[in-house]
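Here is what each chain is made of, one letter per residue.
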Amino acid sequence: MDPNNNDDFEKDEDIHRLDRRSFIKLAGGIVAVTALTGTGWAVTELMVNEGPVKSWHKSVCRYCGTGCGVMLGMDENKKLARVRGDEEAHNKGVICIKGSLLAELMEKKDHRLKQPMIRKNGKLEPASWDEAMTLVADKFKTSIKDHGPNSVAYYGSGQLFIEESYTANKLFKGGIGTNNVDGNPRLCMASAAVGYTQVFGKDEPAGCFDDIDHADTFFIIGSNTYECHPPIWERIMRRKDSGKDVKIIVVDPRRTKTADHADFYLPVVPGTDLLLLNAMLHVIVKEGWQSEEYVQQHINFKKGSDTVSFEEFKTFLEDYSPEKVEEELGVSAPQIREVAYYFAKAKSSMSLWTMGLNQRVQGVFLNNTMNSLHLVTGQINKKGATPLSMTGQCNACGGVRDTGSLSHILPHGRLIKKPEHRAEMEKLWGVPAGRIQPKPGYNALSLFQAMNDEKVKAVLVMCTNPAQSMPNIDHYKPGMEKTFMVVADAFDSETIKYADVVLPAALYIEKEGVYGQTERRYQLIEKLVEPYAESRSDLDILVDFAERIGYGDFISSKTSAEVWEEYRHLSSHSKYNFEGITRDRLKEERGLQWPCPDEKHPGTARRYIPGDPFVPQGKEVFFYGHKDGKANVFLRPYIRGNEQVNDEFPIYLTTGRVISQWHTGSMTTTVKELNTQSGPGRFKLHPQDASHYNVKTGDTIRVTSSRGTMTGKLEISELETPGVVFAAFYDKSFIINQVVSDDHDPYSKQPDYKVTRVKIEKVAANKA
Ligand SMILES: Nc1nc2c(c(=O)[nH]1)N[C@H]1C(S)=C(S)[C@@H](COP(=O)(O)OP(=O)(O)OC[C@H]3O[C@@H](n4cnc5c(=O)[nH]c(N)nc54)[C@H](O)[C@@H]3O)O[C@H]1N2
Ligand SMILES: Nc1nc2c(c(=O)[nH]1)N[C@H]1C(S)=C(S)[C@@H](COP(=O)(O)OP(=O)(O)OC[C@H]3O[C@@H](n4cnc5c(=O)[nH]c(N)nc54)[C@H](O)[C@@H]3O)O[C@H]1N2
Ligand code: SF4
Ligand SMILES: [Mo]
């Protein structure tokens, strides 16, 4: 099915309700499903070819931050023939429909980029690697010479291998001498990373997925776990079915499939969650449900950089009584009290959150306060009790947050703004003092603005499709036109329309490297097939580029295994220490969680408690990111964003994902079964709003914000919420980011993709 030319979306079949036979039918008769579990979606095996498998190989799914272990079956022609979940991995054999169709992805050769291309007279023409890389090197060198190192930039991805992001970061920050290193994790994880760092002094979660098997209350907020982290959802459902008294609380303006299974569903007004979190804290301290141990021994209460008393914290919360917030929040006071009770009084409470909190103008405050809820109640540092920000992409944690490949950070939790951190990295990289610039570089939004303003003249874009994924995209297109853009991708993409040089990248098992998922678990993907046509791994491209611009000696590790050795040793100078995670261990084991300081160390499932190598002997809890071993609980006021509905723009647009498509769809829309499941891009509206606007399924509507307009088909769904129109962003003929606001969090600089006020107009009625 071509997603751009299809109107059969009314048949949008729900994979979750499909029985075995319908699933096989849906997938065109080519699948063999060995298990559809009680909750109905898990597919553990899928046969793409009937042919026999010659050898099975342990690997990792290339898509999301669940980081599922998969077993890849290669046939005698060395082609990926079968995929199944790895029972020995943390996902216990469970994978979702996208992972089960990895073999299909690898087969989509007609959509792949075949050779380098150079734009000549407005048209992309095939070129040799040497021609393309000579041009790239010349342009970057000239720009650096004429306009200084800050006139060039790298824009990367949470889907590159650790070795690749690390190399790019080292080259740009330690070699060229610019901090203009950013990427799509800015759109995704920045608020979580800043949030954790402010609270614990270090980024990355303390807990792990195993906590799911021990939790009694799940507080799921701004996460459609069912569609976006399906094996995690499956694990939560198994816990729920275990016979224990397990409560699931879901906070989401849309009644998603996740919300559908909740014991308590809180349909908050988009953008107001901080009222809920502060009101829960209000109830907790009023009722005396706080943990005295944590309040006395493990917490510093903070108002900005000042330490304040617990009493002052309580006074701050006075403004957030359930009765005061209920109207604006859209959740009743008794409901707020009820969820505060189940959160505080459970044996173990676990929170899970993703973009509904991160992609918000108050993303950092929301992340701070999620951690506060756990700290104040002592729902942390024991099995099943943990604030777990789930990561989106397969390698946003390992590849980008841990390697420090964002414009304000350095490897292993170091910050650009700290002179001692820069000095340490300069020493470790063996570069002159002062090489690393003292100011953060451009972040995603300011980078594309700098391209608009012609301050950045040349940019290397790897493994991301900003022309479709950036908010308010029309505003940033002039910059993409003007700047010398080098784009490395495996498939055709919107961004390639603006590229001056296109580099065909090797995909997934055509190369080798390490991914690090949500719970600090590092896993190896081994090379199993040769790169398609002329494509090369991103690491090979970066090494070649470094050599051509004069940093061949500095980028001395040239292969993935060599980079890993360098990087593993580097980590031993930090509290991320994973020197014990050798390549050989990664080949044998189902991933290892850092810290893991030596080769005998089993890895660390839970940080800040005994078992974590950095917790001093005799301490039961020690937040070693801060010298006094305490974590920060911040007083964070709710501030209304600019995107509030009014007479002109009376309804909220929120955007996100569907189970069977990946982001901008450049990979997943090439797979027929996934398109059949999702249907083409469209707006979704609740029946109540539909009757207000006098529209029905199949009609064409126009949605307009202060940023832009998009016209598209409409589907009416009971699963949506009155007052909210939803759209996903996978369909390149329906680029919703033309409408989405680029307002962003002032601290993390992460854009708010979740709350844009819009108006709706009917354009045409469905003819059918
Ligand atoms: N199938 C699939 N899975 C994926 C991906 C994919 O593309 N496809 N991408 C991966 C990546 S990179 C990411 S970042 C994750 C994202 O995973 P999720 O964050 O779970 O996915 P989203 O659909 O972006 O948004 C989550 C929810 O936030 C809700 N929301 C909107 N506004 C608000 C609000 O004001 N408050 C609250 N509480 N909730 C709000 C939306 O209704 C939506 O249900 O998924 C990962 N997994
Ligand atoms: N409206 C709206 N927009 C959003 C979001 C939202 O919720 N709503 N979410 C945001 C978030 S959280 C994210 S993470 C971003 C994601 O946004 P993007 O990163 O722009 O989206 P992807 O489709 O994942 O793009 C990855 C590209 O890398 C290519 N690729 C795959 N493997 C390789 C490889 O090995 N090497 C190279 N060089 N290329 C490869 C793929 O073909 C694809 O074109 O979108 C953001 N945009
Ligand atoms: S949940 Fe994520 S990692 Fe697991 S199979 Fe699905 S897409 Fe892959
Ligand atoms: Mo993401």
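Residues numbered from 1 in each chain as written. Chains lettered and ligands numbered in written order. Predicted model: local features only at pLDDT ≥ 70, side-chain atom pairs only at ≥ 80, totals over all residues. Heavy atoms only, no water.

Draft legend 1. Here's a closer look at helix 11 (residues 310–317). Buried within helix 11 are the following residues: Phe310, Phe313, Phe316 and Leu317. Within helix 11, the buried residues cover an arc of 110° as seen down the axis, which keeps them to one side. Against the buried residues of helix 11 lie helix 9 (273–287), helix 10 (292–298), strand 12 (299–303), strand 13 (306–308), helix 15 (363–377) and strand 24 (631–634). (Buried < 20%, exposed > 50% of the residue type's maximum accessible area, 1.4 Å probe, protein only. Helix = DSSP H or I, 4+ residues; strand = E, 2+ residues; numbered from the N terminus. Arc of directions from axis to C-beta. Contact = heavy atoms within 4.5 Å.)

Draft legend 2. Layout of the pattern of salt bridges. Tallied over the full model, the rule gives 48 salt bridges. Between Asp211 and Arg606 there is a salt bridge, and its shortest N-O distance comes to 2.8 Å. Linking Asp211 in the loop between helix 6 (190–200) and strand 9 (217–221) with Arg606 in the loop between strand 23 (592–593) and strand 24, this pair joins segments that are 395 residues apart in sequence. Here Asp211 falls in the buried class, since its relative accessible area comes to 1%. (Salt bridge = Lys/Arg side-chain N within 4 Å of Asp/Glu carboxyl O.)

Draft legend 3. Inspection of the environment of Thr483 at higher detail. Structurally, Thr483 is set in the loop between helix 20 (473–482) and strand 19 (484–489). In this structure, the C-alpha to C-alpha distance between Thr483 and Glu454, residues 29 residues apart in sequence, is 7.2 Å. Apart from residues no more than four positions distant in its own chain, Thr483 is found in contact with Met451, Val456, Lys457, Ala458, Val459 and Asp500. A distance of 2.7 Å separates the side chain of Thr483 from the backbone oxygen of Gly479, its partner in a polar contact. (Polar contact = N/O pair within 3.5 Å; in protein donor to acceptor, adjacent residues only side chain to side chain.)

Draft legend 4. Here's a closer look at the packing of helix 9 against helix 15. At their nearest, the axes of helix 9 and helix 15 sit 10 Å apart, and the two run at 20° to each other. By the angle between their axes, helix 9 is roughly parallel relative to helix 15. The chirality of how helix 9 crosses helix 15 is left-handed. Listed contacts from helix 15 to Asp273, Leu274, Leu277, Asn278, Met280, Leu281, Ile284 and Val285 of helix 9 are Phe365, Leu366, Thr369, Met370, Ser372, Leu373, Val376 and Thr377. Each residue belonging to the contact of helix 9 with helix 15 can be placed in one class, and the counts come to 11 nonpolar, 4 polar and 1 charged. (Axes fitted to C-alpha atoms, helices over the stretch in contact; angles between N-to-C directions. Parallel < 35°, antiparallel > 145°, perpendicular 65-115°, else oblique. Left-handed = near helix turned anticlockwise from the far one by under 90°. Nonpolar A, V, L, I, M, F, W, Y, C, P; charged D, E, K, R; others polar.)

Draft legend 5. Examining the site of ligand 2 more closely. Taken together, 33 residues sit near ligand 2, with Asn184, Ser469, Asp489, Thr664 and Ser666 positioned nearest. Contact between ligand 2 and Asp489: an oxygen atom at 2.6 Å from a side-chain N or O atom of the residue. Ser666 has a polar side-chain atom sitting 2.6 Å from an oxygen atom of ligand 2. Calculation on ligand 2 without its partners gives an accessible area of 920 Å², and the protein chains cover 99% of this total. Elements supplying a minimum of two residues to the shell around ligand 2: helix 19 (466–469) and strand 19. Here the residues of the shell around ligand 2 sort into 15 nonpolar, 12 polar and 6 charged. Counting residues domain by domain, the shell around ligand 2 receives three or more from each of domain 2 (121–184 + 396–464 + 475–552) and domain 4 (651–764). (Near = heavy atom within 4 Å. Areas by Shrake-Rupley, 256 points an atom, 1.4 Å probe, with all protein chains shown as cover. Domains from an automatic or database assignment.)

Draft legend 6. Structural view of the site of ligand 3. Every residue near ligand 3 is listed here: Cys61, Tyr63, Cys64, Thr66, Gly67, Cys68, Ile95, Cys96, Lys98, Gly99, Pro230 and Pro231. Elements with a minimum of two residues in the shell around ligand 3: helix 2 (97–100) and helix 8 (230–240). Of the residues assigned to the shell around ligand 3, the class counts are 8 nonpolar, 3 polar and 1 charged.

Draft legend 7. Region of interest: the packing of aromatic side chains. Under the definition given, this model contains 32 aromatic pairs. Each ring, one from Tyr196 and one from Trp353, has its centre 6.4 Å from the other, and the planes form 45°; the classification is tilted. A residue pair is termed long-range when its members are at least 10 positions apart, and Tyr196 in helix 6 and Trp353 in strand 14 (residues 349–353) qualify at 157 residues. Taken individually, Tyr196 and Trp353 each receive the classification buried, so the pair is uniform in this respect. Taking 4.2 Å as the distance between ring centres and 15° as the angle between the ring planes, the aromatic pair formed by Tyr576 and Trp594 counts as stacked. In this pair, Tyr576 is assigned in the loop between helix 22 (560–571) and helix 23 (583–588) and Trp594 in the loop between strand 23 and strand 24, connecting sequence segments 18 residues apart. Take Tyr576: its relative accessible area is 0%, and that puts it in the buried class. Judged by relative accessible area, which is 0%, Trp594 ranks as buried. Ring-pair connections join several aromatic residues into one group, and the members of that group are Tyr196, Phe200, Trp353, Tyr608, Phe614, Phe623 and Tyr624. (Phe/Tyr/Trp six-rings, centres within 6.5 Å; stacked < 30°, edge-to-face > 60°.)

Draft legend 8. Just a negative patch on the surface, in detail. Taken together, the side chains of Asp584, Glu588, Asp598 and Glu599 define an acidic patch exposed on the protein surface. Note on placement: Asp598 falls in the loop between strand 23 and strand 24. What makes Asp598 partly exposed here is its relative accessible area of 37%. (Patch = residues over 30% accessible without salt bridge, like charges linked within 9 Å, V, L, I, M, F, W, Y side chains within 5 Å. Lys, Arg positive; Asp, Glu negative; His and termini not counted. Charge placed at Lys NZ, Arg CZ, Asp CG, Glu CD.)

Draft legend 9. Geometry of the confidence of the model for the chain. Here the chain averages 93 in pLDDT, while 93% of its residues score no lower than 70. Overall, residues 1–49 carries pLDDT values under 50, and its contacts beyond four positions in sequence, including any with other chains, amount to 124 contacts. (pLDDT = per-residue confidence, 0-100.)

Draft legend 10. Examining the domain arrangement of the chain more closely. Taken domain by domain, the chain holds domain 1 (6–108), domain 2 (121–184 + 396–464 + 475–552), domain 3 (190–389) and domain 4 (651–764). Between domain 2 and domain 3, the C-alpha centre-to-centre distance is 35 Å. Tallying the contact residues gives 9 residues for domain 2 and 15 residues for domain 3. Counting each side, the surface lost to burial between domain 2 and domain 3 is near 970 Å², with a carbon and sulfur contribution of 49%. Among the residues of domain 2 in contact with domain 3, Arg401, Thr518 and Arg520 are the three that bury the most area, contributing 56% of the side total. Taken together, domain 2 and domain 3 are joined by 2 salt bridges. Between Arg401 and Glu204 there is a salt bridge; the shortest N-O distance is 3.6 Å. Connecting domain 2 to domain 3 are 5 residue pairs in polar contact (both at pLDDT 80 or more). (Buried area = accessible area lost by both parts, 1.4 Å probe.)

Draft legend 11. Seen up close, the packing of helix 5 (residues 162–176) against helix 21 (residues 538–548). For the pair helix 5 and helix 21, interaxial distance at closest approach is 9 Å and the crossing angle is 20°. Classified by the angle between their axes, helix 5 and helix 21 sit roughly parallel to one another. Helix 21 is crossed by helix 5, and the crossing has left-handed handedness. Of helix 21, the residues touching helix 5 (which contributes Glu163, Glu164, Thr167, Ala168, Leu171 and Phe172) are Asp538, Leu539, Leu542, Phe545 and Ala546. For the contact of helix 5 with helix 21, the residue count by class is 7 nonpolar, 1 polar and 3 charged.

Draft legend 12. Seen up close, the layout of surface pockets. The calculated volume of the largest pocket comes to roughly 1100 Å³. For the lining of the largest pocket, the elements supplying multiple residues, two or more each, are helix 6, strand 16 (409–410), strand 17 (414–415), helix 17 (419–429) and strand 24. Ranked by the residues each element gives to the lining of the largest pocket, the list is headed by helix 6, at 4 residues. Within the lining of the largest pocket, the residues separate by chemical class into 10 nonpolar, 18 polar and 14 charged. (1 Å grid on protein atoms, 1.4 Å probe; cavity = no way out; pocket = protein on both sides within 12 Å on 5 of 7 lines; lining within 4 Å. Points joined across faces, edges and corners; volume = space filled by probe spheres on them.)

Draft legend 13. Looking closely at helix 20. Turning to helix 20, its buried residues are Ile473, Tyr476, Lys477, Gly479 and Met480. On the buried face of helix 20, the contacting elements are helix 18 (444–452), helix 19 and strand 19.

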